[in-house]
Amino acid sequence: MAIIITDECINCDACVAECPNNAIYEPDQEWAYSDETALSGMVTLPNGEEVDADAQNTPVSDEFYFIVTDKCTECKGFHDEPQCASVCPVDCCIPDENHVETEDMLLEKKAWLHGE
Ligand code: SF4
Ligand code: SF4
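Residues numbered from 1 in each chain as written. Chains lettered and ligands numbered in written order. Predicted model: local features only at pLDDT ≥ 70, side-chain atom pairs only at ≥ 80, totals over all residues. Heavy atoms only, no water.

Enquirer: Break down the site of ligand 1 for me, citing the residues and quoting the values.
Expert: Residues in close proximity to ligand 1 include Ile3, Cys19, Pro20, Asn21, Ile24, Ile67, Cys72, Thr73, Glu74, Cys75, Pro82 and Cys84, which together make up its full environment. When its residues are assigned to classes, the shell around ligand 1 shows nine nonpolar, two polar and one charged. (Near = heavy atom within 4 Å. Nonpolar A, V, L, I, M, F, W, Y, C, P; charged D, E, K, R; others polar.)

Enquirer: Outline the side chain of Lys109, supporting the account with residue identities and numerical values.
Expert: By the secondary structure assignment, Lys109 is in helix 2 (residues 103–114). Sequence-distant contacts of Lys109, that is, excluding residues within four places in its chain, are made with Pro46, Thr69, Asp70, Cys72, Thr73 and Glu101. (Helix = DSSP H or I, 4+ residues; strand = E, 2+ residues; numbered from the N terminus. Contact = heavy atoms within 4.5 Å.)

Enquirer: Help me get a handle on the nonpolar core, residues and values and all.
Expert: Most often, soluble globular proteins keep nonpolar side chains buried together rather than apart. One finds Ile5, Ile24, Ile67 and Cys84 to be the most contacted residues of the largest nonpolar core, which totals 16 residues. In this structure Cys84 touches Ile3, Cys15, Ile24, Ile67 and Cys93, once residues within four positions along its chain are discounted. (Core = buried A, V, L, I, M, F, W, Y, C linked by side-chain atoms within 4.5 Å. Buried < 20%, exposed > 50% of the residue type's maximum accessible area, 1.4 Å probe, protein only.)

Enquirer: Any chance you could break down the site of ligand 2 for me, citing the residues and the numbers?
Expert: Cys9, Cys12, Asp13, Cys15 and Cys88 are the nearest of the 14 residues found near ligand 2. Looking at side-chain class alone, the shell around ligand 2 contains 12 nonpolar, one polar and one charged residues.

Enquirer: Outline the packing of aromatic side chains, supporting the account with residue identities and numerical values.
Expert: In total, this model carries four aromatic pairs according to the counting rule given. Ring centres 6.5 Å apart and planes at 50 degrees place the aromatic pair Tyr25 and Trp31 in the tilted group. Each member of the pair, Tyr25 as well as Trp31, is classed as buried. Geometrically, the ring pair formed by Tyr25 and Phe66 is stacked, given 5.7 Å between the ring centres and 15 degrees between the ring planes. With Tyr25 in strand 2 (residues 24–25) and Phe66 in strand 5 (residues 66–67), this residue pair connects regions lying 41 residues apart in the sequence. With respect to burial, Tyr25 and Phe66 carry one shared label: buried. An aromatic cluster is defined as three or more aromatic residues linked by ring pairs; in this entry it consists of Tyr25, Trp31, Tyr33, Phe66 and Trp112. (Phe/Tyr/Trp six-rings, centres within 6.5 Å; stacked < 30°, edge-to-face > 60°.)

Enquirer: Which residues make up a negative patch on the surface, and what values go with them?
Expert: Taken together, Asp7, Glu8, Asp28, Glu30, Asp62, Glu63 and Asp91 make up a surface patch of like negative charges. Looking at the secondary structure, you find Glu8 in the loop between strand 1 (3–5) and strand 2. (Patch = residues over 30% accessible without salt bridge, like charges linked within 9 Å, V, L, I, M, F, W, Y side chains within 5 Å. Areas by Shrake-Rupley, 256 points an atom, 1.4 Å probe, with all protein chains shown as cover. Salt bridge = Lys/Arg side-chain N within 4 Å of Asp/Glu carboxyl O. Lys, Arg positive; Asp, Glu negative; His and termini not counted. Charge placed at Lys NZ, Arg CZ, Asp CG, Glu CD.)

Enquirer: How would you explain the side chain of Thr73 if you had to name every residue and give the values?
Expert: Mapping Thr73 onto the fold places it in the loop between strand 5 and helix 1 (83–87). In terms of polar contacts, Thr73 uses its side chain to reach the side chain of Asn21, at 2.9 Å. The residues touching Thr73, leaving out its near neighbours within four places in the chain, are Asn21, Leu106, Lys109, Lys110 and Leu113. (Polar contact = N/O pair within 3.5 Å; in protein donor to acceptor, adjacent residues only side chain to side chain.)

Enquirer: Which residues make up helix 2, and what values go with them?
Expert: Because an α-helix packs 3.6 residues into every turn, residues spaced three or four apart end up facing the same way. Taking 1.5 Å of rise per residue, the 12 residues of helix 2 would be expected to cover 16 Å, and the 17 Å separating its terminal C-alpha atoms lies within 8% of that figure. If you check which residues of helix 2 are buried, you get Leu106, Lys109, Lys110, Trp112 and Leu113. When helix 2 is viewed along its axis, its buried side chains cluster within an angular range of 160 degrees and face the same direction. Seen from the buried face of helix 2, the exposed residues on the opposite side, beyond 90 degrees, are Asp104 and Glu108. Along its buried surface, helix 2 packs onto strand 3 (42–44). (Expected span 1.5 Å × (residues − 1). Arc of directions from axis to C-beta.)

Written as structure tokens, this is what we have:
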């Protein structure tokens, strides 16, 4: 499943550089599927929805660092464990029970993000 950042986040910025998918953003930062991925132009999301990968999207949180669910692969294909959770000083990067995915689904998402 994807990882989610809770409101215990202290906005320390330690996790951002660790994410292999550029799925983590600062509070109130617009984001795009194309940020540091192979995606561009119109793409089909894992849920079948068609979106513009280059479009700037509304920040998920204006208070805390946040993770874009469709860009988070739990670090599958890169690392043995979620890197954001590994470095977070307050352990606020936790599994998102509302976005449960199998390892195969996460690896497919990784391939989709990086054009493999
Ligand atoms: Fe990024 Fe990995 Fe954290 Fe997901 S689990 S947000 S891919 S560092
Ligand atoms: Fe927030 Fe943890 Fe990331 Fe720091 S490492 S910004 S506390 S989620």
